[in-house]
Amino acid sequence: MVADVFPCTIPVTVHRHEDGATDPYGNPLHRYTKDKVMVFAVQKGGTPAVTASHPEAAEFDAVVYAPVEAGITDRDRIEVDGMVYELTAPPGNWESNPWFSPGLVECRCKRMEG
């Protein structure tokens, strides 16, 4: 479906968050498994313009346009060209509009430091 309109040709690695494990103090451990995914586009860098009507606009370092079938969540991380990014919010999904079903989600990410 998505390949007909938006060919996914760019390889990225999705670090999928795993639930369940805890440390000896009962705090959740953050473990990830790696999964190769082909995406439509990666836009690096960007800060939406801050206006008086939208002063709380979030900064982001990359936007990844991935197929819905990739199942990316806001707890996952995305690796692009050796740099790891963390999602800043749940992926934007345009599938619920009545006119067009693109089959893509928009993942806005911040670069992981360290």
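These numbers come from a predicted model, not from an experiment. (Residues numbered from 1 in each chain as written. Predicted model: local features only at pLDDT ≥ 70, side-chain atom pairs only at ≥ 80, totals over all residues. Heavy atoms only, no water.)

Draft legend 1. Up close: the environment of Lys110. Among the structural elements, Lys110 can be located in strand 8 (residues 104–111). Judged by its relative accessible area of 32%, Lys110 falls in the partly exposed class. A sequence separation of 50 residues divides Lys110 from Phe60, and the C-alpha atoms of the two residues are 5.1 Å apart. (Helix = DSSP H or I, 4+ residues; strand = E, 2+ residues; numbered from the N terminus. Buried < 20%, exposed > 50% of the residue type's maximum accessible area, 1.4 Å probe, protein only.)

Draft legend 2. How the structure looks around the packing of aromatic side chains. For the coordinates displayed, the defined rule picks out 1 aromatic pair. Between Phe6 and Phe40 the ring centres are 5.0 Å apart and the planes differ by 70°, which places this aromatic pair in the edge-to-face class. One end of the pair, Phe6, is in the loop between helix 1 (2–5) and strand 1 (10–18); the other, Phe40, is in the loop between strand 2 (31–39) and strand 3 (41–44), and 34 residues separate them in sequence. Phe6 gets classed as buried once you look at its relative accessible area, which sits at 18%. According to the relative accessible area criterion, Phe40 is partly exposed, its value standing at 30%. (Phe/Tyr/Trp six-rings, centres within 6.5 Å; stacked < 30°, edge-to-face > 60°.)

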